Amino acid sequence: MDVDTRLLRTFLVVAEEGTLTRAAQRLYVSQPALTKQVRQLEAQLGQALFTRSRAGMVLTGPGRALAAAGPAVVEAWDRALQQTRRAARVLRVGTLAGGANEATPAIVAAFTRRHPGWRVETRQSAWSDPTAGLAAREVDLALLRLPFPGQQDYRTEVLLTEPRWVALASGHPLAARELIAFQELWDEPFVAAPAETGAWRDHWLAADERAGRPVRIGAVTDQPDDWLSAIANGFGVALAPASAARFYARPGVTYRPVSGVSATSAAVAWVPADDASEPVRAFVRCCTEAVCGE
């Protein structure tokens, strides 16, 4: 019997966290979707893996056995995937929210120029996965925005820092202003990322920079096109990197500088297990040289 490694990874996170709530936050999925995956794995194995109670998810006997053996299976599969990609000379890079801005093509070009025969495959991630594929090991590195959930589990190298601006409908009363104080936006509805993204969503809502004022959510999106449509249609405003004015320009959407809110940083991230990987180290060097001039 074959078991989807995605289901096994999900099971291991639930087993480690002990509750569906925390596991769903870590995996950036809804609790109903997570419950469905756990039940799917239980159906495939023909075994109950958890007993469910108000206290959380408690492993059964078969669940404890799988929790003990599962990590080695996942690690072995990850090694096999990595060796396959290395043999094919493919480096997979996830990108999110503009990646490293205009430097992204230069980074890819520098890597392929220095490593003939290697190919870089870039993968644009939805905002519902702030790790841009790293958490699921779908990519070798990621160009993403800080902070992101689980950041402490990865290596990160900050590449650039820029102000956060506000995107709002062009007909909005504040759209004609040259500079908007963040306090003036506190009572506005915001277009937000999915709740499962946790700290990443909170960062783009500047939830901890509102003096305790609760956030009003006007719409939830996880794709740039849907995000822009929600803003243009007046469902809410949104904080964005200043570079979004270049990368996500659209009729009906206006970007304006904001005072009183902290900046945002872009970084390259990878898993610690790849510290010794020459292709990974080389790509990180290309990132810092292209953006930071090091």
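Just so it is clear, the structure is predicted and the values come from calculations on it, not from any experiment.

Participant: Got a minute to help me understand the pattern of salt bridges in this structure?
Facilitator: Any two side chains of opposite charge can pair, so long as their charged atoms come close to each other. Applying the stated criterion across every chain yields a total of 14 salt bridges. Arg 246 is paired through a salt bridge with Glu 102; the nearest N and O atoms lie 2.5 Å apart. One end of the pair, Arg 246, is in helix H8 (residues 244-247); the other, Glu 102, is in the loop between strand S3 (90-95) and helix H5 (103-114), and 144 residues separate them in sequence. Taking the relative accessible area as the measure of exposure, Glu 102 reaches 45% and is therefore partly exposed. In this structure, Glu 278 engages Arg 285 in a salt bridge whose closest nitrogen and oxygen atoms are separated by 2.9 Å. Judged by its relative accessible area of 33%, Glu 278 is partly exposed. One network of salt bridges, in which partners are shared, links Glu 278, Arg 281 and Arg 285.

Participant: Just to check I follow, could you spell out the pairing of strand S7 (residues 164-169) for this structure?
Facilitator: Along any regular strand, the residues point their side chains to alternate faces of the sheet. For S7, a buried count of five out of six residues is recorded, marking the element as mostly surrounded by other parts of the structure. Sheet topology note: the S7/strand S11 (residues 238-241) ladder contains four bridges and is antiparallel. Bridge assignment links Trp 165 to a residue of S11, and that residue is Ala 240. Sheet topology note: the S7/strand S12 (residues 253-259) ladder contains five bridges and is antiparallel. Along S12, the bridge assignment pairs Val 166 with Arg 256.

Participant: Could you clarify how one ought to interpret helix H7 (residues 224-232) in this entry?
Facilitator: For an α-helix, the turn length of 3.6 residues means that residues three or four places apart are oriented alike. Listed as buried for H7 are Pro 224, Trp 227, Leu 228, Ala 230 and Ile 231. Buried residues of H7, seen end-on, are gathered within an arc of 160 degrees and therefore sit on one face of the element. A positive phi of about 80 degrees marks Gly 234, the residue just after H7.

Participant: Would you explain the packing of aromatic side chains in this entry?
Facilitator: Given two aromatic rings, one states the distance between the centres and the angle between the planes to describe the pair. Taken as a whole and judged by the stated rule, the model has eight aromatic pairs. Note on Phe 111 and Trp 118: the rings are 6.3 Å apart at their centroids and 85 degrees apart in plane angle, and the pair reads as edge-to-face. Accessibility classification places Phe 111 together with Trp 118 in one group, the buried group. It is Arg 164 that lies over the ring of Trp 204; its NZ or CZ is 5.9 Å from the centre. Over the ring of Phe 190 we find Arg 210; its NZ or CZ atom is 4.6 Å from the centre of that ring.

Participant: Looking at this model, I keep getting lost on the pairing of strand S4 (residues 119-124). Mind explaining?
Facilitator: Two elements, S3 and S4, share six bridges in a ladder whose sense is parallel. Considered in S4, the bridge of Thr 95 is made with Gln 124. Of the crossover connections in this fold, the one passing from S3 over H5 to the parallel S4 is right-handed.

Participant: Looking at this structure, I do not really get empty space enclosed by the protein. What am I missing?
Facilitator: Where empty space is left becomes clear once a probe the size of a water molecule has been rolled over the atoms. In the structure shown here, the tally under the stated rule is two cavities of 30 Å³ or more. Put simply, the largest cavity is a space of about 220 Å³. Lining the largest cavity are 18 residues, and of these Trp 127, Trp 200, Trp 204, Trp 227 and Leu 239 sit closest to its centre. Elements supplying a minimum of two residues to the lining of the largest cavity: strand S9 (189-192), helix H6 (199-204) and S11. By residue number, the principal contributor to the lining of the largest cavity is S11, which donates four residues.

Participant: Before we go on, may I ask you to explain the sheet that holds strand S13 (residues 264-270) in this structure?
Facilitator: Two modes of strand pairing occur in sheets, parallel and antiparallel, and in both the strands are linked by backbone hydrogen bonds. Taking strand neighbours across the sheet as the criterion, the five strands line up as S4-S3-S5-S13-S6 in an open arrangement whose pairing is mixed. Every interior strand has two partners, whereas the edge strands, S4 and strand S6 (155-162), have only one. Within this sheet the neighbouring strands show an average axis-to-axis angle of 25 degrees, counted without direction. Those strands touched by H5 are S3, S4 and strand S5 (141-146), and its axis lies near 155 degrees from that of S4.

Participant: Explain the packing of helix H1 (residues 5-17) against helix H3 (residues 31-45) here, please?
Facilitator: Packed helices, taken two at a time, are described by their axes: the angle between them and the distance between them. Here H1 crosses H3 at 115 degrees, and the two axes come no closer than 9 Å. One element, H1, and the other, H3, form an angle in the roughly perpendicular class. Where H1 crosses over H3, the two elements pack in a sense that is left-handed. Each of Arg 6, Leu 7, Leu 8, Thr 10, Phe 11 and Val 14 in H1 lies in contact with H3, whose residues at this interface are Leu 34, Gln 37, Val 38, Gln 40, Leu 41 and Gln 44. Per-class residue counts for the contact of H1 with H3 are seven nonpolar, four polar and one charged.

Participant: I tried to follow unusual backbone geometry on my own but got confused; where do I start?
Facilitator: Note on backbone geometry: most residues besides glycine have negative phi, and most peptide bonds are trans. For the peptide bond that leads from Leu 146 to Pro 147, omega is -5 degrees, which places it in the cis range. Positive phi outside glycine occurs at Arg 137, with the angle close to 60 degrees. Structurally, Arg 137 is set in the loop between S4 and S5. Residue classification places Arg 137 among the buried residues on the basis of a relative accessible area of 18%. Positive phi values are uncommon outside glycine, yet Ala 211 reaches one of about 55 degrees.

Thresholds, definitions, all that
Residues numbered from 1 in each chain as written. Predicted model: local features only at pLDDT ≥ 70, side-chain atom pairs only at ≥ 80, totals over all residues. Heavy atoms only, no water. Salt bridge = Lys/Arg side-chain N within 4 Å of Asp/Glu carboxyl O. Helix = DSSP H or I, 4+ residues; strand = E, 2+ residues; numbered from the N terminus. Buried < 20%, exposed > 50% of the residue type's maximum accessible area, 1.4 Å probe, protein only. Pairing = 2+ DSSP bridges. Arc of directions from axis to C-beta. Phe/Tyr/Trp six-rings, centres within 6.5 Å; stacked < 30°, edge-to-face > 60°. Lys NZ or Arg CZ within 6 Å of the ring centre and 35° of its normal. Right-handed = clockwise from strand over helix to strand, strands pointing away. 1 Å grid on protein atoms, 1.4 Å probe; cavity = no way out; pocket = protein on both sides within 12 Å on 5 of 7 lines; lining within 4 Å. Points joined across faces, edges and corners; volume = space filled by probe spheres on them. Axes fitted to C-alpha atoms, helices over the stretch in contact; angles between N-to-C directions. Contact = heavy atoms within 4.5 Å. Parallel < 35°, antiparallel > 145°, perpendicular 65-115°, else oblique. Left-handed = near helix turned anticlockwise from the far one by under 90°. Nonpolar A, V, L, I, M, F, W, Y, C, P; charged D, E, K, R; others polar.

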